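Each chain, letter by letter, is given below.
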Amino acid sequence: MEKAAQLYEGKAKKVFATNDPDLCIVSYKDDATAFNGLKKGTIVGKGVVNNRMTNMMMRLLEKKGVPTHFVEELSERDTVVKKVSIVPLEVIIRNVSAGSFAKRYGVEEGIVFDEPTIEFSYKNDDLGDPLINDYHAIALKLATKDEIELIKKYAFKVNDALKEYFLSLGVKLIDFKLEFGKTSDGAIVLADEISPDTCRFWDVKTNEKLDKDRFRRDLGGVEDAYKEIFARVTKGE
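Below is a summary of the structure that appears in this document. (Residues numbered from 1 in each chain as written. Predicted model: local features only at pLDDT ≥ 70, side-chain atom pairs only at ≥ 80, totals over all residues. Heavy atoms only, no water.)

### Brief notes about the environment of glutamate 72
- Examined against the element boundaries, glutamate 72 turns out to sit in strand S6 (residues 70–73).
- Sequence-wise, glutamate 72 and isoleucine 25 are 47 residues apart; in three dimensions their C-alpha atoms are separated by 9.4 Å.
- If we skip the residues at most four places from it in the chain, glutamate 72 touches Thr79 and Val80. (Helix = DSSP H or I, 4+ residues; strand = E, 2+ residues; numbered from the N terminus. Contact = heavy atoms within 4.5 Å.)

### Observations concerning the layout of surface pockets
- What the second largest pocket holds in volume is close to 180 Å³.
- In terms of lining, the second largest pocket is formed by Asn95, Val96, Val112, Phe113, Asp114, Glu115, Pro116, Lys163, Leu167, Val171, Lys172 and Leu173.
- When contributions to the lining of the second largest pocket are tallied by element, the ones reaching two or more residues are strand S9 (89–96), strand S10 (112–122), helix H4 (145–167) and strand S12 (171–182).
- Per element, the largest residue contribution to the lining of the second largest pocket is 5 residues, and it comes from S10.
- Of the residues that constitute the lining of the second largest pocket, the class distribution is 7 nonpolar, 1 polar and 4 charged. (1 Å grid on protein atoms, 1.4 Å probe; cavity = no way out; pocket = protein on both sides within 12 Å on 5 of 7 lines; lining within 4 Å. Points joined across faces, edges and corners; volume = space filled by probe spheres on them. Nonpolar A, V, L, I, M, F, W, Y, C, P; charged D, E, K, R; others polar.)

### Overview of the packing of helix H1 (residues 46–63) against H4
- Here H1 crosses H4 at 115°, and the two axes come no closer than 10 Å. H1 and H4 meet at a crossing whose hand is right-handed. Mapping the contact onto sequence places Met53, Met57, Leu60 and Leu61 in H1 and Val158, Ala161, Leu162, Tyr165 and Phe166 in H4.
- Grouping the amino acids of the contact of H1 with H4 by side-chain chemistry returns 9 nonpolar, no polar and no charged. (Axes fitted to C-alpha atoms, helices over the stretch in contact; angles between N-to-C directions. Left-handed = near helix turned anticlockwise from the far one by under 90°.)

Don't take any of this as a statement about function, it's just geometry.
Take a look at the structure:
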């Protein structure tokens, strides 16, 4: 399968049409952004890590009963996926206080929650991806009530599967962002990516950050962190 016209270019990926109207090719870039694009840079090799790791996670989740857009890995950076219309909701699951949650509510990072939290952001760069609730999403016609309930069900299922998986690799899954899409027949599937760009990973023993926070917070060792989490995932295959 080969790339045709470019359909979209985002902060971290390009999407291309193919000769099949129901399939696209996603190509992962090394570009890095933070704070809604205000901070920009490059993380060498990030595209390879994020592409291959995402595909491994999608295959794992398919086995756990979560439908995804994944079809086939073409190369280190390119993957065939089902063409979807993205539901404009970013779904954030949190197991431990960190990042914007800690800042927003004035709590320290590292508080382990009794049970995971879920929140939605309206996926809109111009508005800065504001937090919204179910009722807002329905009022704005971003998704139906049934679709939101299904998305929640899948999101918690993803959390259960990934928490257990990463713990087996000596990594705590702190929080992560998911996106869902609708296929041509209207089915809701997990889309986008699961990677150090979209998840917070802390080492179980040291709490060392193995994710994009190293870029956001100028902690250094960004490429090494991506390599480390990828090495653990590939070793755990």
